[in-house]
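This is what each chain is made of:
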Amino acid sequence: MNYIQHNPLPIPDVGPSERVPVSMDTIFDWEYALRRQNLLALYEKGKASSWNASDLAWETEVDFAKKTRDMLGAGAGEIFNQLLNPPHKLEPEVSVELNLNITAWMLSQFLHGEQGALLATAKIVQGVPWEEAKWYAANQVADEARHVEVYHRYLTEKLGRSFGVNRHLRTLLDQIICDSRWDMTYLGMQIIVEGLALAAFSLIKLQWPDEPLIQDITARIMGDEARHVAFGVLSLEHLYTKELSGAELKEREDFVIEATHLMRERLLMEDVYERTGLDVKVWLPWSIQTPYMRGFRQMLFSKIVPNLKRLGLLTPRVRAAYQKLDLLRFEHLKDSSEEPEVMAPAELIEVLSQIRQGTSAS
Ligand SMILES: [Fe+2]
Ligand SMILES: [Fe+2]
C-alpha cells in the first residue's frame, strides 16, 4: 500500500508528535470464561465485516471545487443566501472556498478522531477485564487503523487540503486517553465521540451525493462505527445500571455533561472562517444562531441521547443539562443495540433538499 501525500497535514505548535502520560492498570484474564454472548456475537460480526482500504476506487477524480462551482452556476448561491441567511452575501469564489474548507475541516476532524479511537481502543484491550471485550476491542483497533488510513489518504491524495485537530476535540481526546478507568475510555470514545461521528458521517453523505468515493468510504466506515457504538452500549450497560455507586455514577454524569459542552464548542469551525478570510467575529455568532447549523449540532446527539438513556445515564442532572441544550427530543429514539443506523433530522434533510431542488430546477 502506498499513496502520494500531495498536501501533508499541517503540523501543530506542539510539533509532529506529542507525548501524553497515562497511568493505568493492564489486566490479564486467566479465566477466559467467555460469558458474554452478545460481545462474542459482535466479535464474529466484526471479523466477517472487515474490508481492505486498498480495494476502494482511489482512481476516482475528486474535485469539490468544480462540483461547488457547478452548483453555484445552477443557482445554489441564491438558495444558500435565502435559506441560510449568512451575515453577508458571498462572492461565488468565496463560497467555493468556504464550502471546500468546511468539507476539508470536517474530514480532518474525522481523521483526528479516528486516531483518537485507535489509541483509546488499544487502551481498552489492555484495561478491560473481560476476555470477550479484549477480543472485540482488538478487532476494533484494526478497524480504526483502516479508518485513519482511509481519511488520511483521501485528505492528502485526493482533496489536497486539511486542518489540524480542533482544540476542543483535542481536549476531549486527551481526557479519554489519560483517564485511568477503563469504563471512562468507553464512555468518552464509544458513546460520545463515536456516537457523534456516526451522525456527522451521515451529513457528509447527504452533502456530497455525487462523489462516489466519499460515499463509499462513508458507508463502509459507518457500518464499522455502528458496531463500535454498540460495543460501548453492550459493555457498559450492566456496569452502569447495576454496579456503580451513586458517587461513581456522579463522576460519569460530570464527564458526560462536560464532554457534551466541549463538542458543542467544537462545531463552531473558527478555523474554517479564518482560513477562508472571513471575519470570525461576524461568522461565529451566525453559526451559533442559524437554523441549519443548529440543526446540524442537534443531529450530532441523535444517537448519543438514546444510548445514554439505555446506560441509565440520562439522570436528572444530565437531563437538566440536556434540556437547556434542547437535546432531550432524541430520548425516545432507538438506541444502538436496537437500531445501529442513524437518521439525519427532518429539518436538515429539508434544507439540503431545497438547495438541491433549487439547483436542478434552474
Ligand atoms: Fe473509526
Ligand atoms: Fe470507531
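Residues numbered from 1 in each chain as written. Chains lettered and ligands numbered in written order. Predicted model: local features only at pLDDT ≥ 70, side-chain atom pairs only at ≥ 80, totals over all residues.

Asks: Can you break down the nonpolar core residue by residue, with the values?
Replies: Grouped together as the largest cluster of nonpolar side chains are 81 residues, with contacts concentrated most on Leu107, Tyr151, Leu196 and Leu308. Top contributing element to this core by residue count: helix H7 (residues 182-207), with 12 residues. In this view, Tyr151 contacts Leu107, Phe110, Leu111 and Glu114; residues no more than four positions away in its chain are not counted. (Core = buried A, V, L, I, M, F, W, Y, C linked by C-beta atoms within 7 Å. Buried ≥ 20, exposed ≤ 12 C-beta atoms within 10 Å, placed from the backbone. Helix = DSSP H or I, 4+ residues; strand = E, 2+ residues; numbered from the N terminus. Contact = placed C-beta atoms within 7 Å.)

Asks: Quick rundown of H7? Include the residues and the values.
Replies: With 26 residues, H7 ought to run about 38 Å at 1.5 Å a step, and its terminal C-alpha atoms sit 36 Å apart, in line with that. The largest bend along H7 measures about 30 degrees and falls at Glu194. For H7, the buried fraction is high: 19 of the 26 residues fall into the buried class. (Expected span 1.5 Å × (residues − 1). Bend = angle between axes of the 7 residues up to and from the residue.)

Asks: A description of the packing of helix H6 (residues 167-178) against H7 should follow, citing residues and the corresponding values.
Replies: Between H6 and H7, whose axes approach to 7 Å, the crossing angle comes to 140 degrees. By the angle between their axes, H6 is oblique relative to H7. The residues of H7 that touch H6, namely those facing Leu172, Gln175 and Ile176, are Thr185, Gly188, Met189 and Val193. By residue class, the composition of the contact of H6 with H7 is four nonpolar, three polar and no charged. (Axes fitted to C-alpha atoms, helices over the stretch in contact; angles between N-to-C directions. Parallel < 35°, antiparallel > 145°, perpendicular 65-115°, else oblique. Nonpolar A, V, L, I, M, F, W, Y, C, P; charged D, E, K, R; others polar.)

Asks: Quick rundown of the environment of Phe330? Include the residues and the values.
Replies: Mapped onto the fold, Phe330 is located in the loop between helix H14 (316-324) and helix H15 (346-361). Residue Phe330 is classed as buried on the basis of its 21 C-beta neighbours within 10 Å. Once the C-alpha coordinates of Phe330 and Leu313 are considered, the two residues, 17 residues apart in sequence, prove to be 14 Å apart. Beyond its immediate sequence surroundings of up to four residues, Phe330 is in contact with Phe301, Ser302, Val305 and Pro306.

Asks: Quick one: what's the story with the packing of helix H5 (residues 131-159) against helix H8 (residues 212-243), residue by residue and with numbers?
Replies: Axis separation between H5 and H8 bottoms out at 11 Å; the angle between their running directions is 155 degrees. Between H5 and H8, the interaxial angle falls into the category roughly antiparallel. Both H5 and H8 take part in a crossing whose hand is left-handed. Judged by residue contacts, Ala133, Tyr136, Gln140, Asp143, His147, Val150, Tyr154 and Lys158 of H5 engage Leu213, Ile217, Ile221, Asp224, His228, Phe231 and Ser235 from H8. For the contact of H5 with H8, a count of residues per class yields eight nonpolar, four polar and three charged. (Left-handed = near helix turned anticlockwise from the far one by under 90°.)

Asks: Residue-level account of unusual backbone geometry, with values.
Replies: Most of the time, phi is negative for any residue but glycine, and the peptide bond is trans. The backbone of Tyr32 sits at a positive phi, close to 50 degrees, despite the residue not being glycine. Relative to the elements of secondary structure, Tyr32 occurs in the segment before helix H1 (37-48). The class of Tyr32 is exposed, set by 7 C-beta atoms lying within 10 Å. With phi around 50 degrees, Leu34 is a residue other than glycine that occupies positive phi space. According to the C-beta neighbour criterion, Leu34 is partly exposed, with 13 such atoms within 10 Å.

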